[in-house]
Amino acid sequence: MTSQDPLKEISIQAEDFSLADEVALLEKDNLTDGAVVTFTGRVRNNNNGNSVTSLTLEHYPGMTEKSLAKIIKQAKEQWPIGRVKVIHRIGELFIGEQIVFVGVTSKHRQDAYAANEFIMDYLKVKAPFWKKEKITHAGKTSENWLAAKSSDTDKADLWS
Amino acid sequence: MFVPSPMDGFTRIACLLNNTKLQQSHTLRENIMIKIVFFAALREQLACAELSLNAEDVKTVGDVKQRLSDKNSQWQQTFSKASLLSAVNHDMVDDSHLVKSGDEVAFFPPVTGG
């Protein structure tokens, strides 16, 4: 049995998450799915040649959850997948910290791989989150909102 | 201090500078009003997180943008950007989308999560 409370498929949170705990939840009492594919995104220490000290994540309460639910629904319509979990953190996050988690289970690996990548690609261009980076350049600290990348839009468009 | 002019359609509810209480403030005080919210770089540029607009004679999202553009040249510049995204009641929409009293209209830059 792979049924799951849809409300528990999405979590927008300031707190960190545990990869091991999330995998355990995807697997618990789930005897039909042989594949578990997870993706974790982390804060890296560089962007466009600048040294990054932190990222601050903002979202649109209500709309973010709604758009993620829509993306998960689309993934389920496209692939025979079992359980899905999407976690996205908000607030200020430092180098090496986890930002985002996507976990998908399915009977066989191809569906979980594809659905996981689809969810991440759509999250990047459809879900209302915005990153502000704090960078240090020549000893000076500044803050900038990140610009959206056309490569992300191009990647998401490949699915349609 | 924000002093709304009776002509510009903005109500006595001035811009709120942060929207941390957004989830709790869905109820509008007047039933002929549209609630407008701004996010990220847009919120910072306008120094405004939220305001209310009189919905009379406003039919579409494009009309809302026009009304906001009329505020001053900085707002005019902001709302003429092609990359600006719009949402009504948490769904992404385009300028021709119809708005009605009680709607929550959001404007924000392209998203950069993940």
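Remember, it's a predicted structure, so these values are computed and weren't measured experimentally.

About the cut-offs
Residues numbered from 1 in each chain as written. Chains lettered and ligands numbered in written order. Predicted model: local features only at pLDDT ≥ 70, side-chain atom pairs only at ≥ 80, totals over all residues. Heavy atoms only, no water. Helix = DSSP H or I, 4+ residues; strand = E, 2+ residues; numbered from the N terminus. Polar contact = N/O pair within 3.5 Å; in protein donor to acceptor, adjacent residues only side chain to side chain. Contact = heavy atoms within 4.5 Å. Buried area = accessible area lost by both parts, 1.4 Å probe. Salt bridge = Lys/Arg side-chain N within 4 Å of Asp/Glu carboxyl O. Buried < 20%, exposed > 50% of the residue type's maximum accessible area, 1.4 Å probe, protein only. Core = buried A, V, L, I, M, F, W, Y, C linked by side-chain atoms within 4.5 Å. Expected span 1.5 Å × (residues − 1).

Some details on the side chain of A:Asp121
Residue and element names in this part refer to chain A.
Thinking step 1. In this fold, Asp121 is placed in helix H3 (residues 109-126).
Thinking step 2. Within the local environment of Asp121, its side chain forms a polar contact with the side chain of Lys155, the two groups lying 2.5 Å apart.
Thinking step 3. At 2.8 Å, the side chain of Asp121 forms a polar contact with the side chain of Trp159.
Thinking step 4. The contact partners of Asp121, leaving out residues within four places of it in the chain, are Lys155, Ala156 and Trp159.

Observations regarding the interface of chain B and chain A
Interface size is commonly expressed as the accessible surface area that is lost when the partners come together.
Thinking step 1. Contacts between chain B and chain A engage 22 residues on the former and 27 residues on the latter.
Thinking step 2. For the pair chain B and chain A, the summed buried surface comes to about 2000 Å²; carbon and sulfur atoms form 58% of the total.
Thinking step 3. Linking chain B to chain A there are 4 salt bridges.
Thinking step 4. Between B:Asp91 and A:Lys66 there is a salt bridge whose closest N-O contact spans 3.0 Å.
Thinking step 5. Elements supplying a minimum of two residues to the side of chain B that touches chain A: helix H1 (40-46), strand E4 (91-93) and strand E5 (104-108) of chain B.
Thinking step 6. Counting residues per element, the side of chain B that touches chain A draws most heavily on H1(B), which supplies 4 residues.

Things to note about the environment of B:Val88
All names here are of chain B.
Thinking step 1. Mapped onto the secondary structure, Val88 falls in strand E3 (residues 85-88).
Thinking step 2. On the accessibility criterion, Val88 (5% relative accessible area) is buried.
Thinking step 3. In this structure the C-alpha to C-alpha distance between Val88 and Ile36, which are 52 residues apart in sequence, comes to 9.3 Å.
Thinking step 4. In this structure, Val88 is in contact with Val61, Val93, His97, Val99, Asp103, Glu104 and Val105, ignoring residues within four places of it in sequence.

Some points on the nonpolar core
Thinking step 1. Ranked by internal contacts, the top residues of the largest apolar core, which has 31 residues, are A:Leu68, A:Val86, A:Val104 and A:Ile119.
Thinking step 2. Elements that contribute at least two residues to this core include exactly strand E1 (10-13), strand E2 (35-42), strand E4 (50-59), helix H2 (63-78), strand E5 (81-89), strand E7 (98-106) and H3 of chain A.
Thinking step 3. Per element, the largest residue contribution to this core is 8 residues, and it comes from H3(A).
Thinking step 4. For A:Val104, the residues in contact, after removing those within four places along its chain, are A:Leu26, A:Ala35, A:Val36, A:Val37, A:Ile81, A:Arg83, A:Val84, A:Ala112, A:Ala115, A:Asn116 and A:Ile119.
Thinking step 5. Counting 22 residues, the second-largest nonpolar core is a separate cluster that includes B:Phe38, B:Ala55, B:Phe79 and B:Val105.

Brief notes about H3(A)
Residue and element names in this part refer to chain A.
Thinking step 1. With 18 residues, H3 extends 25 Å from end C-alpha to end C-alpha; this agrees with the ideal 26 Å at 1.5 Å per step.
Thinking step 2. Here H3 has its buried residues at Ala112, Ala114, Ala115, Asn116, Phe118, Ile119, Met120, Asp121, Tyr122 and Leu123.
Thinking step 3. On the buried face of H3, the contacting elements are E2, H2, E5, E7 and helix H4 (150-157).

Concerning the pattern of salt bridges
Pairing is possible between side chains of opposite charge, provided their charged atoms come close.
Thinking step 1. Taken as a whole and assessed by the stated rule, the structure comprises 17 salt bridges over all chains.
Thinking step 2. In this structure, B:Arg43 engages A:Glu58 in a salt bridge whose closest nitrogen and oxygen atoms are separated by 2.5 Å. Of this pair, B:Arg43 sits in helix H1 while A:Glu58 is found in strand E4, placing the two residues in two different chains.
Thinking step 3. Here A:Glu58 falls in the buried class, since its relative accessible area comes to 13%.
Thinking step 4. Note that A:Glu97 and A:Arg89 form a salt bridge whose closest N and O atoms lie 3.1 Å from each other.
Thinking step 5. Taking the relative accessible area as the measure of exposure, A:Glu97 reaches 25% and is therefore partly exposed.

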